[in-house]
Every structure is written in C-alpha cells, then in structure tokens.
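# Summary of structural features
Take a look at the letters that make up each chain.
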Amino acid sequence: MAAGSSSRRLTKECFHRLVGLGSILAGVRVAPLSLQSSVKSAGLCHAAENVRKICPQSAWQVQRIEVDFVDPKVKHNGQQRWYARNDSEKAKPDADSIATEMIKYAASCRSNESAHVEAIRVLEQGRTFLLNEGSSAAPAAGRVLLTLATFHCDRGECTDAVEALQVASDLKSAGLGLRVAALEALAGLCLRLHEEGSALKYAHSCGQLVMAAGDSVPKEELVELQFRSKAVALLPASVCARHGAADTQLFEDVPKRLEEDCHRAAGVAVGMLSVAQCAHIGGYLKIAGDLYRRTISILQNSKESSSKVTLASCAMTPEEVQVGALAGLGQLACHVGDFDEAESKITEALTQAEKINGDKHPRVGIILACLADVYARRGKVMGSGDSFIIAEGLYRRCQDYLRSPSIDVPDTGKIVDLVDVMCLSRARYAEIIHKFPNRDEEADKIQKWASKMWKGPRPLLDLMKVDSARTVVKEKGEAPEDVQADETKPPSVGSTKGHVVIDVRLGRVMWKVE
C-alpha cells in the first residue's frame, strides 16, 4: 500500500465498523464539530490522532465521545480540522488493545475481498500511529504489520507484503518471537516469488537472530525458536537443491511437550509442516504422514491466546498451516494409491481455504489442482472415464481461480505469480484431454504454453514422467502411513520414480527425481 493511503481519514462507515464490535456503540455518540486548522497538516497526524483518541476511548472505556468527521461527499474550502474529544481526559492509549481490536476487525473482513481495501486502510493507520509511539508500542506495531502483510499477500500485492515484513523484522523492541515470525514469512514469500537466494538469506538471518539471543530468552521459548530457525532454512535449501532430504534429527528435536501444552504452538506448527514437506519430497512417507498429522493436532489442541496467534504472517498463519498439512496428507495418500483418503483430506483443506479466503481465491485454485490430480491418477489406475471428466472440470476451474493468462498470450519472460501450479496443472490437463477424441490439437497447444512458461531448472516434461504412486489401488483399511518409500512398486514404463508435491501455502511445486 502506498504511503499516501496511510494518511486517509476514517469515514463514518469505517469508524462504525471499527468501534462497533460487541456493545461498544451503546456508549458512543457521534456529533459534528467545527472544522479548523490547515489542510497541509492533515497528513499522517490525522490518522495518528484518530487511532490515539478514538480507539482506546471507544473500545475499552465505554464513554460519551464527540467526534468530528469530514464527509467525503462534501467539499470544504480553506482550513479543516479533524479531531476527537472525550468527556474525560484521563484515558490513555493502550497500544496492545488498539492492535488487537484492529486485527480482529481486519480478520472479519478477510473472506470478503470487497472489504479488503477498508481493512488495509485501518491497518495502515494503526501502523502509522503505533510506529510513532516509540519502543513501548513496538510489539503492537509488529502485530499490525504482520496482519497487514497477510492482507497484501492475499491480494497478490507481494511487494507491499515484503515491505511490511521487513519493517517488522527490524523492530528490535518488538521481541524475538515477532521478528522470527516476520523472517519466516519473508522466506516463504520469497519462495512464492521464485527468489530462492533471498529466501535463504532471510532464513540465515533468522538463525543468526535466534543464536544471538542466548540467555536473554527463556529456555522453553528458545528451544521452540531454535527449531523454527532450523526448519525455516530447510525448505528453501530443499527447493534450491531439489533433493528434499528430510533431517530426521530435526524431527526428533521437535519439542514434544508442546503437543500437550501448546502455548506457542503456531510457530512450531509452521516448522513442523516444512519438515513434513521435505520428508514427503524425499520419499520418507511414514515420517511425512506422522508430521502432517502432528501439525494438525498441535493447532487443533492449541491453548495459544488470540494475541499470540497473530505472531505469524502470510502463508505462515495457523489457518494456512493447517490447510497446508491437510493438503499434504491428501497428496501423500494419492501418492500411495489411497484415493478415497486423498479426496477426503484435500476436500477438507478446500473447505477450510474457502472459509479463510472466500470461494474463488487463488489458494482455492491451488487446492483444486491437487484434487484434480487425485481424479486424474484414479482414472489412470482404474481406467475410469468418469474420473477423467471430473479431473478436466477441476483443472479448468483451477485455472480460472489462479487467474491464469490465456494460452494465446506470449511469454514476456516475467515470472507470473503462482506460475508453478499454473504450468503443472495445465500440463496435466493437456494429458487428460489427449484421451478425448479430436482434442489433440488443443492439448498440444496447452502443453506448449505450459512448457514455455515453466521456470524450473528441470524441464516440465521430466516432472510429468514422475510416478510416485503404486499402480494398484490400496486395500480398504490400509493406512498410508504404513507405506514406506521402498514399498512402492517400480515405476511404470516410460516414467521416473520420484515425488512431486504442491505446497498450497506458497504456490510452489517441489520435487525429487531419483
């Protein structure tokens, strides 16, 4: 969000939404007052004065407040002044409460794309005010920045999200946990943008930050942060090396106590999901399945307070992590031929993603690609024409939600957001429609587009040959976690053994080819 938008004044509607939570408005009376002062001074100070004088007084001290609003429909000439007045002058700003209320308000807007602009405006004003309040308000400012980055990321405004996260990661007074969360999110966001070098840099900075903390952090918290700093470095390293080898010692180092008493569970779940994905890519299917389930269990049983849950951003929030773990379990089940389990888990992930972001968000499109892969694989194994028809429909919807460019649009060389999933799903879609009569020309055109747009170091056609699943349907009752990597049957003729995994949080395709 441009800096200029931070200076916009709250409209009546925005104010009512912000302070209208619970029964707050019962004690608030809005009335017009006189307009004074210079228009030139109406910049950031207006947003700061608004949050300072309105939020704590209306939201936590139910008193009578008189506020002057500038109606955006009315044009004023000359001098203007915007301010708030309270019957009692004893109220003092509470930075943490201001941040909490703004984050709650923003969260209520997240699944409604049309409300994003207003939510971002509120968060920008909170950011401006809290950053100007000094070091005591730094933790609250950091939480607002993380939430703001999440909204920018939801809207595909990755540059703005990176900027907010960089500011948060540099807030020395915000606390180690918040700065680690910002660096985790930066590493993940850079992976989404295909900036692996930057992702590794942020992961390294995270490790150095935790290492330097030493005895200044309680031992229990330090154990958690050490695990997270190792895990955040593992995923980009695996993507860069394309080997996906899981660090089993890191798996053993996961603080098991958090599964029983999860006070800081969100961060540990982020790290555990990253390790699970690396185990999955590397072929350690039993370990991967266990880690995916532990990730979900930790989040479901978490006793973490709502204020601590905000110490995650972008694709690292608890909701996105749970969706990622469910989708990972579904893909793992598909890789071993348990298509009913795969469909169940991915459908559950789809339902949750729709609740978080709305039913047509690009992340929903990524999960639809995973579900289409299940039906495509089932069709190949069972020779079911119906499965191919369903897969075709899901692939088409996936491309719509991902906002994929037309195949007639020439490649400009610029990396398109979520291009990994676009290309892989279109290539698999082309493979499906090749099976239908008189559609070879269409399939070839789609396949050429996908191969040309693919930005990976290995040709896309090589990934299309990867056969990580057994060629027989699993017996009913046989759990996917009981399948070891060496239990899979040899790849079919013309295919290569390996594992291709879609990370639904980051929109990246990760693989290991043996």
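Residues numbered from 1 in each chain as written. Predicted model: local features only at pLDDT ≥ 70, side-chain atom pairs only at ≥ 80, totals over all residues. Heavy atoms only, no water.

With an unreviewed UniProt entry as reference, the protein is termed MalT-like TPR region domain-containing protein, source organism Physcomitrium patens.

## Regarding the pattern of salt bridges
Proximity of charged atoms lets side chains of opposite charge pair with each other. The full count for this structure, using the stated rule, is 21 salt bridges. Between Lys445 and Asp408 there is a salt bridge whose closest N-O contact spans 2.8 Å. One end of the pair, Lys445, is in helix α19 (residues 440-453); the other, Asp408, is in the loop between α17 (385-401) and α18 (419-433), with 37 residues separating them in the sequence. In this structure Asp408 comes out as exposed when scored by relative accessible area, which is 54%. Among the ionic pairs, Glu442 bridges to Arg439, the shortest N-O distance being 3.1 Å. Exposure remark for Glu442: the relative accessible area of 33% places this residue in the partly exposed category. Connected through shared salt-bridge partners, Arg110, Asp154, Glu320 and Arg363 make up one network. (Salt bridge = Lys/Arg side-chain N within 4 Å of Asp/Glu carboxyl O. Helix = DSSP H or I, 4+ residues; strand = E, 2+ residues; numbered from the N terminus. Buried < 20%, exposed > 50% of the residue type's maximum accessible area, 1.4 Å probe, protein only.)

## Considering the packing of helix α16 (residues 362-382) against α18
Their axes nearest at 11 Å, the elements α16 and α18 cross at an angle of 30 degrees. The pairing of α16 with α18 is recorded here as roughly parallel in orientation. Crossing geometry of α16 relative to α18 is assigned as left-handed. Counted together, Ile366, Ala369, Asp373, Ala376 and Lys380 of α16 and Val421, Ser425, Arg428, Glu431 and Ile432 of α18 form the full contact between these two elements. Taken together, the residues that form the contact of α16 with α18 break down as 5 nonpolar, 1 polar and 4 charged. (Axes fitted to C-alpha atoms, helices over the stretch in contact; angles between N-to-C directions. Parallel < 35°, antiparallel > 145°, perpendicular 65-115°, else oblique. Left-handed = near helix turned anticlockwise from the far one by under 90°. Contact = heavy atoms within 4.5 Å. Nonpolar A, V, L, I, M, F, W, Y, C, P; charged D, E, K, R; others polar.)

## Observations regarding the environment of Ser198
Examined against the element boundaries, Ser198 turns out to sit in helix α8 (residues 196-213). Along the primary structure Ser198 and Pro236 are separated by 38 residues, whereas in three dimensions their C-alpha atoms are 9.4 Å apart.

## Structural notes on the packing of helix α11 (residues 265-282) against helix α14 (residues 318-335)
Between two packed helices, the angle of one axis relative to the other and the distance separating the axes together describe the packing. Where α11 meets α14, the closest approach of the two axes is 10 Å, and the angle between their N-to-C directions is 20 degrees. As judged from the angle between their axes, α11 and α14 are roughly parallel. Taken as a pair, α11 and α14 cross one another with a handedness that is left-handed. Every residue of α14 that contacts α11 at Ala266, Ala269, Val270, Leu273 and His280 is listed here: Pro318, Val321, Gly324, Ala325, Gly328, Gln331, Leu332 and His335.

## What to know about the side chain of Thr147
Assignment of secondary structure puts Thr147 in helix α5 (residues 138-154). Those residues in contact with Thr147 that lie beyond four places of it in its chain are Ile103, Ala106 and Leu123.

## Brief notes about the packing of aromatic side chains
Tallying each qualifying case throughout the model produces 2 aromatic pairs. Ring centres of Trp454 and Trp511 lie 5.9 Å apart, and the angle between their planes is 40 degrees; on these two criteria the pair is classed as tilted. Here the residue Trp454 occupies a position in the loop between α19 and α20 (460-464), and Trp511 occupies one in strand β4 (residues 508-513), the gap between them amounting to 57 residues. (Phe/Tyr/Trp six-rings, centres within 6.5 Å; stacked < 30°, edge-to-face > 60°.)

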